[in-house]
Every structure is written in C-alpha cells, then in structure tokens.
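Structure at a glance
Take a look at the letters that make up each chain.
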Amino acid sequence: AVAKVLELNPNHIEALSLAAALAVRGGDVELAKTYSDRVAAIDSRCETLPLAIAEWLSAGRQFDEAHGYYQEAVLMAPASASAWTGLGELYMQVGREADAKEAFEKAHEIDDFRADIVNYLGLLDDMELYDVYETEHFIVKVDGDYDAVLLELVAAEAERIYSDVCTDFGHEPEVKTIIEIFPDHMDFSVRLTGRGWLGTVGACTGNVIV
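Residues numbered from 1 in each chain as written. Predicted model: local features only at pLDDT ≥ 70, side-chain atom pairs only at ≥ 80, totals over all residues. Heavy atoms only, no water.

Regarding the overall build of the chain
The criterion, for reference: Put simply, DSSP marks the helices as runs of H or I at least four residues long and the strands as runs of E at least two long, and each gets a number from the N terminus on. Only protein chains enter the calculation, and the probe is 1.4 Å; a residue is then buried if its accessible area is under 20% of its type maximum, exposed if over 50%, and partly exposed in between. In what follows, a contact means two residues having at least one pair of non-hydrogen atoms within 4.5 Å. Note on areas: these come from Shrake-Rupley sampling with a 1.4 Å probe, and a residue is covered only by the protein chains present in the view. Charged-residue counts in this description rest on Lys and Arg as positive and Asp and Glu as negative, His and the chain ends being excluded. Charge coordinates come from a single atom per side chain, which is NZ of Lys, CZ of Arg, CG of Asp or CD of Glu.
For the chain, the helix and strand inventory stands at 11 helices and five strands. Considering only C-alpha atoms, the chain reaches an extent of 60 × 45 × 30 Å along its principal axes. Relative to its 210 residues, the chain shows a buried fraction of 44%. Expressed as a percentage of contacts within the chain between residues at least 6 apart in sequence, the contacts between residues at least 24 apart total 52%. In the structure as shown, the chain presents an accessible area of about 11500 Å², 54% of it carried by carbon and sulfur atoms. Averaged over its 15 positive side-chain charges, the chain has a centre that lies 6 Å from the centre of its 39 negative ones.

Some thoughts on the sheet that holds strand β3 (residues 177–181)
Filter applied, for reference: Note on pairing: DSSP must find at least two bridges between two strands before they are called paired.
A sheet is described by the order of its strands in space; here five strands give the open sequence β1-β2-β3-β5-β4, paired in mixed fashion. On the outer flanks of this sheet lie β1 (131–134) and β4 (204–205), each paired with one strand and no other. Note that β3 and strand β5 (residues 208–209) share two bridges and pair parallel. Within β5, the position partnered with I178 by the bridge is V208.

Observations concerning the environment of K4
Its location among the elements puts K4 in helix α1 (residues 2–8). Owing to a relative accessible area of 61%, K4 belongs among the exposed residues under this scheme. C-alpha separation for the pair K4 and A15, spaced 11 residues apart in sequence, amounts to 9.4 Å.

A short note on the nonpolar core
Which entries qualify depends on this criterion: Nonpolar cores were defined as sets of buried Ala, Val, Leu, Ile, Met, Phe, Trp, Tyr and Cys residues, with membership established by side-chain atoms within 4.5 Å.
Y70 and F104 are the most contacted members of the largest nonpolar core, which totals 37 residues. Put simply, the parts of the chain that give this core at least two residues each are α1, α2 (13–25), α3 (29–42), α4 (48–59), α5 (63–76), α6 (81–94), α7 (97–110) and α8 (115–127). Ranked by the residues each element gives to this core, the list is headed by α6, at seven residues. For Y70, the residues in contact, after removing those within four places along its chain, are L51, A54, E55, S58, A83, G86, L87 and L90. With 11 residues, the next largest nonpolar core counts M127, I139, V190 and L192 among its residues.

Here's the deal with the layout of surface pockets
For clarity, the cut-off: Space inside and on the surface of the protein is sampled on a 1 Å grid over the protein atoms alone, with a cavity defined as a set of points where a 1.4 Å probe fits but cannot get out and a pocket as an open set with protein on both sides within 12 Å along at least 5 of 7 lines; lining residues have an atom within 4 Å of a point. Grid points are joined across faces, edges and corners, and a volume is the space filled by probe spheres set on the points. Gly counts as polar in this scheme, as do all residues outside two lists: the nonpolar Ala, Val, Leu, Ile, Met, Phe, Trp, Tyr, Cys and Pro, and the charged Asp, Glu, Lys and Arg.
Taken as a whole, the largest pocket spans an internal volume of roughly 810 Å³. Forming the walls of the largest pocket are 27 residues, and the residues nearest its centre are H171, P173, V175, G206 and N207. Among the elements of the structure, α5, α6, α10 (150–169) and β3 are those that each provide at least two residues to the lining of the largest pocket. Sorting elements by how many residues they give to the lining of the largest pocket places α10 first, with seven residues. Its residues placed into classes, the lining of the largest pocket shows 16 nonpolar, six polar and five charged. Approximately 230 Å³ is the volume attributed to the second largest pocket.

Focus: the packing of aromatic side chains
What counts is decided by this rule: Any two of the Phe, Tyr and Trp rings considered here, Trp counted by its six-membered ring, make a pair once their centres fall within 6.5 Å; the pair's planes then place it as stacked at under 30 degrees, edge-to-face at over 60, or tilted in between.
What the rule picks out here adds up to three aromatic pairs. When the centroid spacing of 5.9 Å and the interplanar angle of 55° are considered together, the rings of Y130 and F182 count as tilted. Of this pair, Y130 sits in the loop between α8 and β1 while F182 sits in the loop between β3 and α11 (185–193); the two residues are 52 residues apart in sequence, bridging distant segments of the chain. The burial state of Y130 is the same as that of F182; both residues are buried.

Here we look at the pairing of β1
Sheet analysis places β1 next to strand β2 (residues 138–142), joined by four bridges and oriented antiparallel. Residue pairing for β2: V132 is matched across the bridge by K141.

A look at the packing of α6 against α8
Quick note on the threshold: Note on method: axes are straight lines fitted to C-alpha atoms, helices fitted across the in-contact stretch only, with angles between N-to-C directions ranging 0 to 180 degrees. Handedness of a crossing is defined here by the sense of rotation of the near helix relative to the far one, left-handed for an anticlockwise turn of less than a right angle and right-handed for a clockwise turn.
Relative orientation of the contacting elements α6 and α8 amounts to 40°, with a least axis distance of 11 Å. Viewed along their axes, α6 and α8 form a crossing whose handedness is left-handed. Listed contacts from α8 to T85, E89 and M92 of α6 are D116, I117, Y120 and L124.

Treat this as a map of the structure, not an account of what it does.
Next comes the structure, spelled out in structure tokens:
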C-alpha cells in the first residue's frame, strides 16, 4: 500500500515515514536511511518520521530503540500532543509512571480535549495512593481499598516461581518486574490503552504485568 502511494506521490511524507518505520522494524537500516533522507530533503524538522518509527518499534516491544525516536519527535515538535502522548504511553509500557505523568501533562497543556490523556492522568493520580510491596525481583502494586490481601500473596508466589520461569526461558530480566492489579475493568483498560471501554484482558507490556 505504501509503495502505491509513493508511485502517485514520491514526496508523500506520511508514506515515506511509514516506509522508513517498516524498514527499521525489518532490520534494514540502509533502506530505512534512504526513506529518512528523502523526508529530510522535503522537511528536515518534520516529526512525522521519528514518530512513525517510534510507534512501530514500540508496537514490536523494542522500547529502548523507540524511546530515542519519541524523544527526537518531541524535540522536533514540542507543541505536538501526539508526540508527547506517544512518549507517555511508552513510559507506561515500561513502568516509568512518574515520567509518563510528566509527558501526559505536557500533552494535556497542548490538547485538553483528548480523552485518553485525561484518562491516563486520572488513573496515575489514583495509582499514587496504591499499596506497593517490593521483593528481590518484583514490585507489586494494588489498590489497598480493594485488594490489599493480594499484595504479599502475589509477591510471594511470583518469587516462588521466578527461578523456574527464568530457567524455562533461559532469560533473567535486568530490572524488576512490576505487577499491577486493578480493582475494576475500567481502570485496568485505561492502564493498558487509555480507554476505559475496551474489552482488554491481562497483559504483559515490557516489564509490567497488568
């Protein structure tokens, strides 16, 4: 589809940006650079390119690589709510919730009409009051008004199976895994998507299990 767009308009920035993102995800750095260079020749300060690459890397759980592109996007377009929101969502994926709140606050200053930003900010305010229990390998968070009984139980069970799971996968995480338990479907769905009405299920995003 991108190729067809570029046949009609070889200077279509959105199509060139998407082509670059697909090349990056496919591991073809040289091909990605050809598309990036074409975008730079048209508009060297266009955040569409780094934002597209960041979104596709994030979708592939390549968060470290995506982070640099999101930062590039907000530097290029500090007045872009989409760039700040994308950065905030990445921080949510990897459990950097204080950084996520800061990014969402900047996005909200730019665009106070986006429901997903308002939802994230409201949830993050609530989560600052959650009970937290930290072990050698895990950080467990629950709403103490509903699920305090689960806090140490979940942490103990996670630690009990930690060695077995790491052995099965031949991998030990470099950082602690965050486990967050929400009292209702709406908060849970907002945590994952920014939208409280989506039919989500339990998920692992980066180093966060929700």
